[in-house]
Amino acid sequence: MLSKYSLRLPKVVYGGESPTDELAVALRREGARSVVVFTDAALHRLGLVSPVLEAIESAGATCQIVDDIPAEPTYSQVQSVVDQVRGVSTDAIVAVGGGSVMDAAKLAGVCATDAYTVHDLLADPSRAAKQLTTFMVPTTAGTGAEATPNAIVAVPEDELKVGIVNDAMIADYVVLDARMIKNLPRPIAASTGIDALCHAIECYTSAKANPFSDVFALEAFDLIVNNIEAACDDPEAMDAKRAMQVASFYAGIAITASGTTAVHALSYPLGGKYHVAHGVSNAILLSPVMHFNEPAIRERLAAAYDRAIHGDAATVEEKSAAVIERMDRIVSHLDIPKKLDELGVAGVDVDQLAAAGMTVQRLLVNNRREVTLEDARAIYAQVL
Ligand SMILES: NC(=O)c1ccc[n+]([C@@H]2O[C@H](COP(=O)([O-])OP(=O)(O)OC[C@H]3O[C@@H](n4cnc5c(N)ncnc54)[C@H](O)[C@@H]3O)[C@@H](O)[C@H]2O)c1
Ligand SMILES: [Zn+2]
């Protein structure tokens, strides 16, 4: 438990019925005259951007759309979308998308002048300074990127994904509009939902956990464990989908106040080297890492059980085992692969993976049980 902690939040978060309409109010309040909308081509085609464009129009602002942001972009791919913003006079960025789009928008919000590049921020994230007002409209219930100061980019030369972290990237406004996730395809809802579950349980069991992060992490855990299956399985389960949307935002706040641990740390090389989607790589590692951590986080897992799982486990050991088992059952229920070979990833060099995983000390230091190179190797060996 940390002895000093803080809570950093976006300025305003809109939820409830059609909250995207409130964007017009916020844009007017910010005096935004020229807005750039970040999204991806698929979401643009699906029409998810339309309510946002209407709000921008009713605020009387002009609008440019950047829709060529790939999933899980490299830092140079982000740089090329950032460059599209640099040439125009813009005062606000609205991101409509998942973590990939939101992270690109967050970087654009601090890289709008040519004082430094995205690559420069990889070396020195402290240089990031806010230059544009940012609005986040998440379309996955997932990353919590709408709440965090993090932007994750792939670094192909290191075969890693790297988090650039600076409070200047905390969004100014967040819009949680359930219409954005209503038709999320099941595999995407499942893997992004598991990402949020990992954020919640990792932050709750993190060495950086504290009273502020605990409130959000535990509530997120409760909401996710009790809604993720319905939200993924039933297209009409809007209450469950709304719960997932709020939970992933809360889990993002938990990341900001605390920090994820070895699931996320060891997940980065799977994304960087084998291009496994972020939520899927976390899902694969969740159970092995939780089993590894269990002796060091038993009491916390038992508290999570008391909050979210209402079964007949009696002892701390039974409760903690039941939490790990419940999370494992959720991953199975959602048909997410648990092994790399199910994803067609073959010829894995465990030594290389373990060495790459060990470089993610930013998160490994949060793990309550120390992870050695040998431990990392053993964990990866379980997911081949
Ligand atoms: N900044 C943070 O704090 C943070 C936290 C966790 C993960 N991340 C990063 O976020 C990225 C992953 O983001 P993600 O999991 O949200 O996925 P994503 O943004 O990469 O999107 C995945 C796919 O889902 C599609 N999609 C998104 N919303 C949809 C919708 N409503 N309907 C249909 N299709 C939709 C996209 O078009 C894309 O093809 C990774 O790069 C990861 O490292 C960032
Ligand atoms: Zn994550």
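Model, not experiment: these values are computed from the prediction.

Student: So what's going on with the site of ligand 1? Residues and values would help.
Tutor: Close to ligand 1 lie 28 residues; D40, S100, D103, T140 and T148 are nearest. One of the side-chain nitrogen or oxygen atoms of D40 is found 2.7 Å away from an oxygen atom of ligand 1. N150 has a polar backbone atom sitting 2.8 Å from a nitrogen atom of ligand 1. Sorting the residues of the shell around ligand 1 by element identifies α2 (41–46), α5 (99–110), β6 (150–155) and α7 (186–204) as the ones contributing at least two each. Of the residues belonging to the shell around ligand 1, the class tally is eleven nonpolar, eleven polar and six charged. Summarising the domain contributions, the shell around ligand 1 has at least three residues from each of domain 1 (12–180) and domain 2 (186–381).

Student: Residues and numbers for the UniProt feature "domain: Alcohol dehydrogenase iron-type/glycerol dehydrogenase GldA" (unreviewed entry) in the chain, please.
Tutor: UniProt records the feature "domain: Alcohol dehydrogenase iron-type/glycerol dehydrogenase GldA" (unreviewed entry) at residues 10–177, using the numbering of this structure. Strand forms 24% of residues 10–177 and helix 32%; the C-alpha atoms that close the span are 16 Å apart.

Student: I'd love a proper account of the UniProt feature "domain: Fe-containing alcohol dehydrogenase-like C-terminal" (unreviewed entry) in the chain, names of residues and values included.
Tutor: Those places that UniProt annotates as "domain: Fe-containing alcohol dehydrogenase-like C-terminal" (unreviewed entry) correspond, in this numbering, to residues 190–382. Annotation note: span residues 190–382, helix share 74%, strand share 0%, distance between end C-alpha atoms 22 Å.

Student: Requested: an account of the coordination of the zinc ion (ligand 2), with residues and values cited.
Tutor: Around the zinc ion (ligand 2), the protein supplies D195 (OD), H199 (NE2), H264 (NE2) and H278 (NE2) as donor atoms, at distances of 2.1 Å. In this structure, the zinc ion (ligand 2) is coordinated by four donor atoms arranged in irregular fashion, with angles at the metal of 84 to 169°. The sequence pattern describing where the donors of the zinc ion (ligand 2) fall on their chain is D-x3-H-x64-H-x13-H. Remark: H278 occurs in helix α11 (residues 278–308) and H199 occurs in helix α7; sequence separation between them is 79 residues. Side by side, H199 and H278 carry an identical accessibility label, which is buried.

Student: Tell me about the nonpolar core, and please be specific about residues and values.
Tutor: General note: in soluble globular proteins, nonpolar side chains tend to be found buried as a group. The biggest cluster of nonpolar side chains holds 119 residues, and the ones touching the most others in it are F38, L107, I194, F221, L285, L286 and M290. Counting residues per element, this core draws most heavily on α11, at 13 residues. Residue contacts for I194: discarding those within four places in its chain leaves I228, G279, A283, I330, V331, L334 and I336. Residues I56, A59, V94 and V137 belong to the second largest nonpolar core, which totals 24 residues.

What counts, and where the lines are drawn
Residues numbered from 1 in each chain as written. Chains lettered and ligands numbered in written order. Predicted model: local features only at pLDDT ≥ 70, side-chain atom pairs only at ≥ 80, totals over all residues. Heavy atoms only, no water. Near = heavy atom within 4 Å. Polar contact = N/O pair within 3.5 Å; in protein donor to acceptor, adjacent residues only side chain to side chain. Helix = DSSP H or I, 4+ residues; strand = E, 2+ residues; numbered from the N terminus. Nonpolar A, V, L, I, M, F, W, Y, C, P; charged D, E, K, R; others polar. Domains from an automatic or database assignment. UniProt positions renumbered as here; feature names shortened; annotations may be inferred. Donors = N, O, S within 2.8 Å, 3.2 Å for Na, K, Ca; no water. Tetrahedral: all angles 85-135°; square planar, octahedral: opposite > 155°, others 65-115°. Buried < 20%, exposed > 50% of the residue type's maximum accessible area, 1.4 Å probe, protein only. Core = buried A, V, L, I, M, F, W, Y, C linked by side-chain atoms within 4.5 Å. Contact = heavy atoms within 4.5 Å.

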